[in-house]
Amino acid sequence: MEGAEHVESPRKRLKTDNASSTEEVVLQAPVATSETKISEADAQAKKELDVGITEFVSADNEGFSGVLKKRYTDFLVNEIVPSGEVLHLRNVVLETPSNEKEDGAAKPTEGSEEKKEEQKANAEPAEEAPKKQFELSEEDKTLMDELFGEQSTKKIVALHNRAQSNDKARPSELGKIPTLVVNDRDLRIKMHQTIRRIFRSQMESSTDGDGMMTISVAANRNKRSAKAGPAGPSRDRGRVNWDELGGPYLHFTIYKENKDTMEVISFISRQLRMNPKSFQFAGTKDRRGVTVQRACAHRVQAERLNKLNACLRNATIGDFEYKQHGLELGDLNGNEFVVTLRECDIPGLDLENRETAVARASDLVGSALRNLRERGYFNYYGLQRFGTFATRTDTVGVKMLQGDFKGACDAILDYSSESLAAAEAGENSTSLISADDKARAKAIHMFRTSSQGTEALDILPRKFSAESNLIRHLSRSRNDCRGALQTIPRNLRLMYVHAYQSLVWNFAAGERWRLYGDKVVEGDLVLIHEHTDKEDGHTAASNVDADGEVIIAPGATDSSFVDYTRARALTADEAASGKYSVFDIVLPLPGFDVLYPANAMTDFYKQFMASEQGGGLDPFDMRRQWKDISLSGSYRKLLSRMGPDYSCQVHLYEQDDEQFIQTDLQKLQQQQAKTEEAAAESKGSGDKIAVVLKFQLGSSQYATMALRELMKGKVQTYKPDFSGRA
């Protein structure tokens, strides 16, 4: 691999065949090695060890310490769009007034009788004109052909055109089109959604008891556009020529400060009286930071969204553009991070000569960055993957996989005694626990001890959607725990079982490094589509989940089979050929349709997952009756490396409120001169050191894990006080 001559392979742990128990073998994995020098007294390190974050690629790296996210403006994240461009908020002002166009014609000024008469005169002849025949776009035709077949697609389009030409005809007079039998639920849902989207709810799809899907004309097709309220999306649907605008999907940029992605989406959807599911985005972003990402909404006009900037707090939306297609999770090339580390302690630095100290610090950090680029870092799932409450999300996931749905509900509705004590102490509390966490503990305690569901929901902050859904359902059906879990939004529900997969993967990554280090060995897995120039085989299409991991689809014998990316094991000759590097190796997240490494790693998966720590599960038995937790599995690279575009700056400063990098919004507000002046002054004054790092990572790579390798585990995540202010 690149830079391999600098990498020292770790010592291999001695394995015996007569281990007294499976658990005894497995539990050696999280123990800190002598090379890591991580103290158990360090709470951050202890948490990392608990979730399998144990190893360093460069064990000899001395590292340096620093505080991360002391101010939310210390952590800037900008998406990298599929074209490779770094996304920035460019414009928050619409160039076209909201009343300029509607249905491709100028909108008359309200109250102008002359213009109303003119519009009426112009509109009447248009009603008598022959209606244009509906035609599928090339992309929609391909999708329809894949789902329904070419012949059925032609018949469906023809039926739609007949309905358009006969507005007053009843659906029964126009006929129905039987297509095919569909037994797979997810595929059936996709087909229903496709029909609704493409034909704008003017056509309906239904299935009978045998699974036969039939397409017909919607009975109330001429009334659909009038049913929604004045703020609903259907008000626009009947009047706007979306094709003329550019497409039915309005893409826009979300700039947010110290907010969750879903927090912004939920606010926007409430203001527009829309379902949050009408909005799409490529990936979620950290709360404590300043992030810029792309999102889109279906059949919403830019004017309506732009008006919300007046009431959005700590968020701004702009750069509106209509397109034919929406966004999917994973539709990004990664993220660019600009991270400010404060109160840094860099070994060997003498502040007596400040100019020399800054220059030396820049050299040391720059060298460490180059080393990180060459050697890479472990692609561990970071601590945020496992939640922030007393019970980790992977604990909830393993209970769901075990079929212990009551245990899963109890785990979600868990809280720390400290949070409850702080809540009960009220104003007398000196705890730094946030107001939201105290309210959460108080609400859950009230529900558990008195079954006062309604009162508990009044106290519970809105952002705790999983808890509120459970309390609401269990208040009505106390013992229906599975039903309660099903009320949690699907993406959040899947987060729990995915967290369990992440836990297994983290421990597997550490074991793989202890066994083989950076060497490529027989049985290692590589993704087939990445190495078609080195092997014979077919190139497969790829897909990703909400976190950007490659999804492995059901086998070809399943009704829902789609050809996704696959992995294969290397032969001994291939492993020794030098054609593959440690950066090519992938490890599976457990599932029913993944390939496990053809070496000692398969035994590790079996032993770890069978242990108490692994939940007593079997990696070869991951199907469940509840399809949402029937995991097909996926693959993840063992090591990651940041992109070639990286840089660092070192600043001396005195006041913690000094900011060294502008946000996108500050640039738009033309505050650059003031910020640059403050940054320039900070370089020569103060006795505190700040390091500003800029680097790019692929999707589903954790910046915290790159920083962990760079700083040898000495990064300290700042814990804000209850006010949430930086």
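Our structure's up above, just so we're on the same page.
Attention in this report is confined to the structure presented alongside it. Within each chain, residues carry numbers counting from 1 in the order of the written sequence. Reporting of local features is limited, given that this is a predicted model, to residues whose pLDDT is at least 70; pairs of side-chain atoms are given and counted only at 80 or more, and all residues count toward the totals for whole chains, interfaces and linings. Excluding hydrogens and water, the side-chain values take into account all heavy atoms of the structure.

## As for the overall build of the chain
Okay, step 1: Each helix and strand counted, the chain has 26 helices and 20 strands in total.
Okay, step 2: Sorting the 726 residues of the chain into buried and exposed places 49% on the buried side.
Okay, step 3: Taken as a whole, the chain presents about 35600 Å² of accessible surface, with 46% of it coming from carbon and sulfur. Only DSSP runs of H or I covering at least 4 residues are called helices, and only runs of E covering at least 2 are called strands; the numbering of each starts at the N terminus. Per-residue accessibility, obtained with a 1.4 Å probe over protein chains only, is compared with the maximum for each type, and a residue is labelled buried under 20%, exposed over 50%, and partly exposed between these values. Only the protein chains shown count as cover for residues, with accessible areas throughout obtained via the Shrake-Rupley method and a probe of 1.4 Å.

## Describing unusual backbone geometry
Across the chain, the bulk of peptide bonds are trans and the bulk of non-glycine residues have phi less than zero.
Okay, step 1: Here Lys69, not a glycine, exhibits a phi torsion of approximately 65°, which is positive.
Okay, step 2: By secondary structure assignment, the location of Lys69 is in the loop between strand 1 (65-68) and strand 2 (75-80).
Okay, step 3: One non-glycine residue, Arg200, lies in positive phi territory at about 55°.
Okay, step 4: Structurally, the position occupied by Arg200 is in the loop between helix 7 (185-198) and strand 4 (203-207).

## Quick notes on the packing of helix 21 (residues 490-516) against helix 23 (residues 600-610)
Okay, step 1: Simply put, an axis is a line fit to the C-alpha atoms, just over the touching stretch for a helix, and the angle between two N-to-C directions goes from 0 to 180 degrees. Interhelical geometry of helix 21 versus helix 23 gives an angle of 140° and a closest axis separation of 10 Å. On the basis of the axis angle, helix 21 is oblique to helix 23. When you trace helix 21 past helix 23, the crossing you get is right-handed. In this structure, helix 21 uses Tyr500, Val504, Phe507, Ala508, Glu511, Arg512, Leu515 and Tyr516 to contact helix 23, whose residues at the interface are Ala600, Met601, Phe604, Tyr605, Phe608 and Met609. Orientation is classified from the angle alone, with under 35 degrees giving roughly parallel, over 145 giving roughly antiparallel, 65 to 115 giving roughly perpendicular, and any other angle giving oblique. A clockwise turn of the near helix away from the far one marks a right-handed crossing, whereas an anticlockwise turn of less than a right angle marks a left-handed crossing. Only heavy atoms enter the contact rule, under which two residues are in contact if any of them lie within 4.5 Å.

## Brief notes about the packing of aromatic side chains
Okay, step 1: Between rings of Phe, Tyr and Trp, where Trp is taken as its six-membered ring, a pair exists when centres lie within 6.5 Å; planes separated by under 30 degrees are stacked, by over 60 edge-to-face, and by other angles tilted. Counted according to the given criterion, the structure contains 16 aromatic pairs.
Okay, step 2: For the pair Phe337 and Phe695, a centre-to-centre distance of 5.6 Å together with 25° between the ring planes defines the contact as stacked. Here Phe695 lies in strand 19 (residues 688-697) and Phe337 lies in strand 10 (residues 334-345), a separation of 358 residues in the sequence. This pair shows no difference in class: Phe337 is buried, exactly as Phe695 is.
Okay, step 3: Ring centres 5.6 Å apart and planes at 75° place the aromatic pair Phe405 and Trp626 in the edge-to-face group. On the criterion of sequence distance, the pair formed by Phe405 in helix 15 (residues 405-412) and Trp626 in the loop between helix 23 and strand 16 (634-637) is long-range, its members being 221 residues apart.
Okay, step 4: Connected via pairs of aromatic rings, a cluster forms that spans Phe75, Phe337 and Phe695.
Okay, step 5: Put simply, a charge is over a ring when the Lys NZ or the Arg CZ is close to the ring centre, within 6 Å, and near the line of the ring normal, within 35 degrees. Sitting over the ring of Phe75, Lys69 keeps its end group 4.3 Å from the ring centre.
Okay, step 6: Sitting over the face of the ring of Phe592, Arg623 holds its NZ or CZ atom 3.9 Å from the ring centroid.

## Structural notes on helix 19 (residues 465-476)
Okay, step 1: An expected span of 1.5 Å times one less than the residue number is assigned to each helix. When the terminal C-alpha atoms of helix 19 are compared, their 17 Å separation across twelve residues agrees well with the 16 Å that a helix rising 1.5 Å per residue should span.
Okay, step 2: Where helix 19 is concerned, the buried positions are Ala466, Glu467, Ser468, Asn469, Leu470, Ile471, His473 and Leu474.
Okay, step 3: Residues of helix 19 that are buried sit in contact with helix 15, helix 17 (435-450), helix 18 (453-459), helix 20 (481-486) and helix 21.

## Some details on the nonpolar core
Okay, step 1: Side-chain atoms within 4.5 Å are what join buried Ala, Val, Leu, Ile, Met, Phe, Trp, Tyr and Cys residues into a set we call a nonpolar core. Counting 112 residues, the largest nonpolar core has Leu341, Met400, Leu485, Leu693, Phe695 and Leu710 as its most contacted members.
Okay, step 2: What Leu341 contacts, discounting residues up to four positions off in sequence, is Phe64, Val67, Leu68, Ile689, Ala690, Val691, Leu693, Met711 and Val715.
Okay, step 3: The next biggest cluster of nonpolar side chains, apart from the first, holds 23 residues, and it includes Phe252, Met274, Val300 and Ile317.

## Some details on the environment of Lys259
Okay, step 1: The residue Lys259 is located in the loop between strand 6 (249-257) and helix 11 (261-272) in this model.
Okay, step 2: Sequence spacing of Lys259 and Arg287 is 28 residues, and the spatial spacing of their C-alpha atoms is 4.7 Å.
Okay, step 3: Not counting chain neighbours up to four residues away, the residues in contact with Lys259 comprise Val264, Asp286, Arg287, Arg313, Asn314 and Ala315.

## Quick look at the sheet that holds strand 3 (residues 177-181)
Okay, step 1: Strand order in the open sheet formed by three strands is 3-5-4, and the pairing between neighbours is antiparallel. Unpaired on one side and paired on the other, strand 3 and strand 4 mark the two borders of the sheet. Direction aside, the axes of adjacent strands within the sheet are offset by 25° on average.
Okay, step 2: A pair of strands is treated as paired once DSSP finds two or more bridges between them. Alignment of strand 4 against strand 5 (residues 212-217), held across five bridges, turns out to be antiparallel. Its bridge partner being in strand 5, Ser205 is matched across the sheet by Ile215.

## Some thoughts on the environment of Glu424
Okay, step 1: With respect to the helices and strands, the residue Glu424 is situated in helix 16 (residues 417-425).
Okay, step 2: Judged by its relative accessible area of 60%, Glu424 falls in the exposed class.
Okay, step 3: The spacing of Glu424 and Ala441 is 17 residues in sequence and 9.6 Å in space, taken between C-alpha atoms.

## Structural notes on helix 26 (residues 703-711)
Okay, step 1: Here helix 26 lies mainly inside the structure; nine of its nine residues are buried.
Okay, step 2: In the segment just after helix 26, Lys712 is the residue with positive phi, at about 60°.

## Considerations on the packing of helix 14 (residues 393-402) against helix 15
Okay, step 1: Packing of helix 14 against helix 15 brings their axes to within 7 Å, and their N-to-C directions diverge by 165°. In terms of their interaxial angle, helix 14 and helix 15 are classed as roughly antiparallel. Considering only the axes of helix 14 and helix 15, their crossing is left-handed. Together, Val396, Lys399 and Met400 of helix 14 and Phe405, Gly407, Ala408, Ala411 and Ile412 of helix 15 make up the contact between the two elements.
Okay, step 2: Split by residue class, the contact of helix 14 with helix 15 holds six nonpolar, one polar and one charged. Only Asp, Glu, Lys and Arg are considered charged, only Ala, Val, Leu, Ile, Met, Phe, Trp, Tyr, Cys and Pro nonpolar, and every remaining residue, Gly among them, polar.

## What about the pattern of salt bridges?
Okay, step 1: We define a salt bridge as a side-chain nitrogen of Lys or Arg found within 4 Å of a carboxyl oxygen belonging to Asp or Glu. Tallied over the entire structure, the rule returns 28 salt bridges.
Okay, step 2: The partner of Glu48 in a salt bridge is Arg708, with the nearest N and O atoms 3.2 Å apart. Of the two residues, Glu48 is situated in helix 2 (residues 43-50) and Arg708 in helix 26; the sequence distance between them amounts to 660 residues. For the pair Glu48 and Arg708, one class covers both residues: buried.
Okay, step 3: We note a salt bridge from Arg512 to Asp524, for which the minimum N-O separation is 2.9 Å. Of this pair, Arg512 sits in helix 21 while Asp524 sits in the loop between helix 21 and strand 12 (525-527), and the two are twelve residues apart along the sequence.

## A short note on the side chain of Lys256
Okay, step 1: Of note, Lys256 is situated in strand 6.
Okay, step 2: The convention is simple: Lys and Arg are positive, Asp and Glu are negative, and His and the chain ends are not counted. Among buried Asp, Glu, Lys and Arg side chains, Lys256 stands out as unpaired, with Asp260 the closest opposite charge at 6.0 Å.
Okay, step 3: At 2.6 Å, the side chain of Lys256 forms a polar contact with the backbone oxygen of Lys259.
Okay, step 4: The definition of a polar contact used here is a pair of N or O atoms within 3.5 Å, where within protein one atom must be able to donate a hydrogen and the other to accept one, and adjacent residues in sequence count solely through side-chain atom pairs. Within the structure, the side chain of Lys256 is placed 3.0 Å from the side chain of Thr291, a separation counted as a polar contact.
Okay, step 5: Setting aside its immediate chain neighbours within four residues, Lys256 contacts Thr261, Val264, Lys285, Asp286, Gly289, Val290, Thr291, Gln293, Asn314 and Ala315.

## Remarks on the pairing of strand 9 (residues 315-323)
Okay, step 1: Counting buried residues along strand 9, seven of its nine residues qualify, which places the element largely inside the surrounding structure.
Okay, step 2: Of the pairings in the sheet, the one linking strand 6 to strand 9 comprises seven bridges and is antiparallel in character. Across the sheet, the residue bridging to Tyr255 is Thr316, located in strand 9.

## Quick word on the environment of Asp410
Okay, step 1: Note on placement: Asp410 falls in helix 15.
Okay, step 2: In this structure, the C-alpha to C-alpha distance between Asp410 and Thr391, residues 19 residues apart in sequence, is 9.6 Å.

All we've got here are geometric facts, nothing functional implied.
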